Each structure stands twice: as C-alpha cells, then as structure tokens.
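So the chains spell out like this:
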Amino acid sequence: MARKVGVVGKPNVGKSTFFSAATLAHVAIANYPFTTIKPNIGMGYVRTPCVCSEFNVTDSPGNSTCVNGTRLVPVEIVDCAGLVPGAWEGRGLGNQFLDEIRQADALIHVVDAAGSTDSEGRPCTPGSHNPHDDVTFLEHELDMWYLQILKKEWDRAVRRVEGAKEDLVPILEDKLSGLGIRKKHLLLAKTKTGLNLEKPSAWSENDLLRFVTELRTQTKPLLLAANKIDVPPAEKNLEALRALGRMVVPCCAEAELALRRAAEKGMLSYVPGDGSFKLDERNKPSESQANALTRIEEKVLIPFGSTGVQDSLNLAFFKLLQMITVYPVEDPEKLTDHKGRVLPDAYLVPYGTTAKEFAAMIHSDLAEGFLYATEVRSKMRVADDYVLKDRDVISIASAKKHA
Ligand SMILES: Nc1nc2c(ncn2[C@@H]2O[C@H](COP(=O)(O)OP(=O)(O)OP(=O)(O)O)[C@@H](O)[C@H]2O)c(=O)[nH]1
Ligand SMILES: [Mg+2]
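Residues numbered from 1 in each chain as written. Chains lettered and ligands numbered in written order. Predicted model: local features only at pLDDT ≥ 70, side-chain atom pairs only at ≥ 80, totals over all residues. Heavy atoms only, no water.

**Some details on the packing of aromatic side chains**
1) Next: Counted according to the given criterion, the structure contains 4 aromatic pairs.
2) Next: Plain terms: the ring middles of W145 and Y146 are 5.5 Å apart, the flat faces sit at 80° to each other, and that makes the pair edge-to-face. With respect to class, W145 is no different from Y146; both count as buried.
3) Next: Ring plane angle 80° and centroid distance 5.4 Å describe the contact between Y347 and F358, whose orientation is recorded as edge-to-face. Of this pair, Y347 sits in strand β11 (residues 347-350) while F358 sits in helix α11 (residues 355-362); the two residues are 11 residues apart in sequence, bridging distant segments of the chain.
4) Next: One aromatic cluster is present, built from ring pairs that chain together W154, W203 and F211.
5) Next: Here the basic side chain of R381 rests over the ring of Y372, its NZ or CZ set 3.7 Å away from the ring centre. (Phe/Tyr/Trp six-rings, centres within 6.5 Å; stacked < 30°, edge-to-face > 60°. Buried < 20%, exposed > 50% of the residue type's maximum accessible area, 1.4 Å probe, protein only. Helix = DSSP H or I, 4+ residues; strand = E, 2+ residues; numbered from the N terminus. Lys NZ or Arg CZ within 6 Å of the ring centre and 35° of its normal.)

Following this line, the structure appears as structure tokens:
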C-alpha cells in the first residue's frame with residue numbers, strides 16, 4: 001500500500017498552506033483556527049534526479065513527470081486538523097485528528113518557528129511564544145494517545161503473560177495493529193527500554209510511557225518544518241529547535257505556494273525545491289507581484305536555499321520512510337516498456353525490497369513466472385533476492401507474460 005505522510009501541528013501554523021503548496025489543491029487557507037475541518041488527502045510528489053540524463057535518453061514518463069532531468073514522483077499527503085493540548089482526551093478536534101494521523105506512516109510537524117501563535121494557535125506577537133513548547137506538546141499528545149490505547153488492554157495482557165504464561169509480544173502486536181505496530185517495533189522497544197516483557201506487572205506508569213514513546217517514534221517518524229521562516233524571530237529560534245535532536249527544515253509554505261501559483265500562471269519557471277526561479281520575459285509581473293517575488297528571494301531563497309516544502313517531503317519519504325526510486329523497463333537495451341515508451345515509470349519502494357517483491361508490485365504474473373532480473377546500469381543479471389538500490393533501472397524476465 002502506498003505510504004502516506006501526514007502534515008500535523010497545532011492550529012494556524014500553516015499546515016493547509018503547506019498542503020496546498022505541496023499539492024496545489026484548493027483547500028481553505030485563512031488566519032483563524034480550524035480552517036481545516038475535513039480530512040484532506042492530496043497528491044504531492046518527491047523529486048529525484050532522473051536517470052534519463054545518465055543513460056542519455058529522452059524519456060516519455062507515464063506514472064510520474066520529468067522536468068529538465070528532475071523526476072517528480074507522486075506521493076500521498078494528508079492535511080490533518082489542528083491539534084490542541086488535550087486532544088488525546090478528545091479536546092478540540094482531537095478524535096478526528098487522531099483518526100487522520102492513524103493513516104499516516106510519517107509526519108511532517110509544521111511548527112510556527114516565528115512564535116507568532118500561542119499554544120492553541122491564536123495569533124500573538126511574533127517571538128512571544130516559544131516554538132520549542134509546540135514540539136514537546138505534540139509529541140506528548142501522540143504518546144498519551146498511544147498510551148491510552150495500550151492501557152485499555154493492559155490488565156488483561158498482564159494476566160495472560162503472568163498467569164497463562166503467554167508471550168507479551170504477540171498479544172500487543174494483535175492489540176496495537178491499528179497503530180501499525182509490528183513485532184519488530186515491539187522487540188526494538190524492548191531493547192531500547194530494557195524492560196522485562198515477562199514481568200509486565202512490575203512496569204511503572206513511567207515505564208509504560210517510555211515504552212509507547214519508543215513505539216511512537218518508530219511507527220510515526222517525524223521531522224519539523226520550521227515554518228514562517230520569513231518572519232524575523234524564526235531564524236533565531238532555529239537553533240533551539242535543532243537542539244531537540246529532530247530533523248529540522250527551515251520552511252516558508254507561503255512562498256512555495258506563491259511560486260507554484262506564479263509558475264502555474266506562466267509568470268516564471270520554477271521546479272519545486274529549486275533555490276531560484278526564472279521570470280518569463282513575455283509575461284511581466286505587476287509591480288506588487290515583482291515586490292513579492294523579490295521579498296521571497298531575499299527572505300527565503302537566498303538565506304535558506306529553498307522554501308523547504310519540497311525538502312520536507314523528500315526527507316519524509318527518502319529519510320524517514322527510507323524509500324528509494326526504481327525504474328522498471330521491459331527492454332534493457334532501449335529502456336522501454338511494451339508500448340515503446342522510454343523510462344515510463346518511477347516506483348517508490350521501501351529500501352530492502354527485492355527484485356521479486358518488486359515484480360509482484362508491478363504484476364503478480366511477473367513475480368509468479370520470475371526467471372531473473374537485469375540491473376540495467378551494470379547490465380548484470382540478478383536473482384530474485386537482489387535488494388534494489390536507489391535509482392536502479394530494472395528489467396524483469398518472466399516465464400509468464402502479462403498483458
Ligand atoms: N509569514 C508566513 N505566514 C504563513 C506561512 N505559512 C502560512 N502562513 C499564514 O498562517 C496562517 C494560517 O495558515 P493555514 O495554512 O490556514 O494554517 P493551518 O495550520 O492549516 O490552520 P488550521 O487549519 O486552523 O489548523 C495564514 O494566514 C497563512 O497565510 C509562512 O510561511 N509565512
Ligand atoms: Mg488548515
């Protein structure tokens with residue numbers, strides 16, 4: 001199933017602006033809390049250097065696009081409702097928020113790095129709220145939510161382990177599967193916390209919390225999009241955010257949205273994630289548009305290298321979720337599919353995917369009749385257990401032809 005990234009944070013930090021920019025979808029954007037009250041799922045994309053230039057071919061992309069040698073591969077993004085303190089107990093849009101977040105495999109936590117909104121998302125003087133508190137608060141909410149789910153089953157689980165001598169891991173795996181928790185997560189949490197799984201009755205409240213924190217960081221890995229970086233106090237707050245040990249991306253969602261809209265109108269050329277844009281000579285901006293663009297250059301692109309929206313998405317999929325890009329082709333010489341299209345598809349797959357598993361993602365027949373695969377770059381034949389690498393071009397030979 002396609003991995004999804006959730007855009008989360010307290011109200012009014014710029015989640016919908018981020019989501020709109022990333023998907024260019026029309027969602028409500030306004031300066032008051034709870035603009036987003038329905039879950040929004042949209043298509044954004046990750047960018048990766050396309051293999052077309054390396055293989056010196058002109059490609060004809062199908063499931064993705066290629067802009068001047070940059071491949072844009074679609075991904076799903078969820079714009080979650082704003083989270084307020086106490087959401088785990090159902091405060092604000094708490095339950096809705098948690099249902100949305102349940103669908104996400106990784107999170108982009110949008111933070112108002114300028115400190116221009118209070119803990120509930122109400123506008124305040126920039127610099128008067130500490131964004132550091134928003135990070136600890138959101139993670140605490142998630143932990144409390146996990147804890148609440150675990151506790152529902154805890155007493156029974158303890159009796160089964162200590163009375164009936166059952167193993168705790170499969171019991172918890174069964175009870176917590178809705179959170180995407182699997183055996184490997186539980187075993188790692190055990191190692192990291194050093195807790196005794198044979199004597200859960202001895203776990204303190206704090207032990208339980210440490211255990212769920214481990215599970216949460218594994219199953220909802222997150223990064224911080226330090227948004228509103230164009231507002232002066234934000235830059236000063238970056239260091240304090242970085243000190244928390246999370247991945248931090250300086251971000252200006254508003255600038256990304258403006259650039260994508262201007263590009264859509266043909267005013268300029270800009271590939272999301274670029275550090276600059278090029279004005280179109282035939283389509284001059286008005287004076288106010290030109291001023292806004294200069295401001296974006298001076299406040300965002302030059303000092304920070306990009307608006308950070310595309311970087312956040314790339315990091316979420318490539319680093320947090322450890323996905324790689326793989327290009328399947330039928331003809332290993334011409335790099336074409338059966339219709340003669342060159343490098344038609346780019347697939348995002350988790351690192352660790354084997355050639356045969358990849359075949360199954362394309363078509364079950366390909367996997368069933370799997371003979372061997374060709375790793376096109378080196379022209380080497382590889383077996384079914386070959387672990388795919390990022391930007392591999394792969395041709396699968398199968399005894400079973402698919403339509
Ligand atoms: N200065 C600045 N303002 C921004 C930026 N991104 C968003 N904003 C503004 O912040 C306000 C809130 O933006 P939204 O995107 O609606 O925020 P949200 O987090 O979705 O809010 P809720 O849906 O209420 O939870 C709007 O006025 C945006 O224009 C940014 O990068 N810089
Ligand atoms: Mg919103």
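**Things to note about the layout of surface pockets**
1) Next: Of the pockets and cavities examined, the largest pocket occupies roughly 910 Å³.
2) Next: Contributing elements (two or more residues each) for the lining of the largest pocket: α5 (183-193) and α6 (205-219).
3) Next: Ranked by residues supplied to the lining of the largest pocket, first place goes to α6 with 4 residues.
4) Next: For the lining of the largest pocket, the class distribution of residues is 12 nonpolar, 10 polar and 10 charged. (1 Å grid on protein atoms, 1.4 Å probe; cavity = no way out; pocket = protein on both sides within 12 Å on 5 of 7 lines; lining within 4 Å. Points joined across faces, edges and corners; volume = space filled by probe spheres on them. Nonpolar A, V, L, I, M, F, W, Y, C, P; charged D, E, K, R; others polar.)

**What to know about the sheet that holds strand β10 (residues 323-329)**
Picture the strands of a sheet paired through backbone hydrogen bonds; they go either parallel or antiparallel.
1) Next: With mixed pairing, the 5 strands of this open sheet are ordered in space as β11-β10-β14-β12-β13. Lying at the two open borders of the sheet, with one neighbouring strand each, are β11 and β13 (380-382). Along the sheet, successive strands turn relative to each other by an average axial angle of 40°, direction set aside.
2) Next: As defined by bridge partners, strand β12 (residues 370-375) adjoins strand β14 (residues 392-398) across 5 bridges and the pair is classed as antiparallel. From the neighbouring strand, E375 faces β14, where its bridge partner is I394. (Pairing = 2+ DSSP bridges. Axes fitted to C-alpha atoms, helices over the stretch in contact; angles between N-to-C directions.)

**Re the packing of helix α1 (residues 15-23) against helix α8 (residues 253-264)**
Helices that pack against each other are described as a pair by the angle of their axes relative to one another and the distance between those axes.
1) Next: Orientation of α1 relative to α8, taken along the N-to-C sense of each, is 30°, at an axis distance of 8 Å. Overall, the two elements α1 and α8 adopt an arrangement that is roughly parallel. Once α1 is placed against α8, the crossing between them reads as left-handed. Of α8, the residues touching α1 (which contributes T17, F18, S20, A21, A22 and T23) are A253, E254, E256, L257 and R260.
2) Next: Among the residues making up the contact of α1 with α8, the classes are represented as 5 nonpolar, 3 polar and 3 charged. (Parallel < 35°, antiparallel > 145°, perpendicular 65-115°, else oblique. Left-handed = near helix turned anticlockwise from the far one by under 90°. Contact = heavy atoms within 4.5 Å.)

**Some points on the pattern of salt bridges**
1) Next: In the structure shown here, the tally under the stated rule is 25 salt bridges.
2) Next: Salt-bridge contacts for D134 lead to K10; the nearest nitrogen and oxygen are separated by 2.9 Å. Here the residue D134 occupies a position in helix α3 (residues 131-162), and K10 occupies one in the loop between β1 (4-8) and α1, the gap between them amounting to 124 residues.
3) Next: Under the relative-accessibility criterion, D134 is labelled buried at 3%. (Salt bridge = Lys/Arg side-chain N within 4 Å of Asp/Glu carboxyl O.)

**Topic: helix α9 (residues 287-304)**
1) Next: Here α9 is 18 residues long and its end C-alpha atoms lie 25 Å apart, about the 26 Å a rise of 1.5 Å per residue gives.
2) Next: The largest bend in α9 comes to about 40°, at E297.
3) Next: Residues L293, I296, V300 and L301 constitute the buried set of α9.
4) Next: Positive phi shows up at G305, right after α9, with a value of about 90°. (Expected span 1.5 Å × (residues − 1). Bend = angle between axes of the 7 residues up to and from the residue.)

**Comments concerning the environment of E54**
1) Next: With respect to the helices and strands, the residue E54 is situated in the loop between β2 (40-49) and β3 (65-67).
2) Next: Judged by its relative accessible area of 41%, E54 falls in the partly exposed class.
3) Next: Measuring from C-alpha to C-alpha, the distance between E54 and R377 comes to 9.4 Å, with 323 residues separating the pair along the chain.
4) Next: If near-sequence neighbours (up to four positions away) are discounted, E54 is found in contact with R377 and R391.

**Considering the side chain of T23**
1) Next: Mapping T23 onto the fold places it in helix α1.
2) Next: Classification of T23 by relative accessible area gives buried; the value is 15%.
3) Next: The residues contacting T23, other than those within four sequence positions of it, are G42, M43, G44, I77 and R260.

**Structural notes on the environment of P200**
1) Next: Mapped onto the elements, P200 comes out in the loop between α5 and α6.
2) Next: Taking C-alpha positions, P200 is 7.8 Å from V161, a pair spaced 39 residues apart along the chain.
3) Next: The contact partners of P200, leaving out residues within four places of it in the chain, are W154, V158, V161, E162 and L168.

**Observations concerning the packing of α5 against α6**
1) Next: Packing of α5 against α6 leaves a shortest axis separation of 9 Å and a crossing angle of 130°. Here α5 lies oblique to α6, going by the angle between them. Two packed elements cross with a definite hand, and for α5 against α6 that hand is right-handed. Counted together, K184, H185, L186, L188, A189, K190, K192 and T193 of α5 and R210, F211, E214, L215, Q218 and T219 of α6 form the full contact between these two elements.
2) Next: In terms of residue class, the contact of α5 with α6 is made up of 5 nonpolar, 4 polar and 5 charged.

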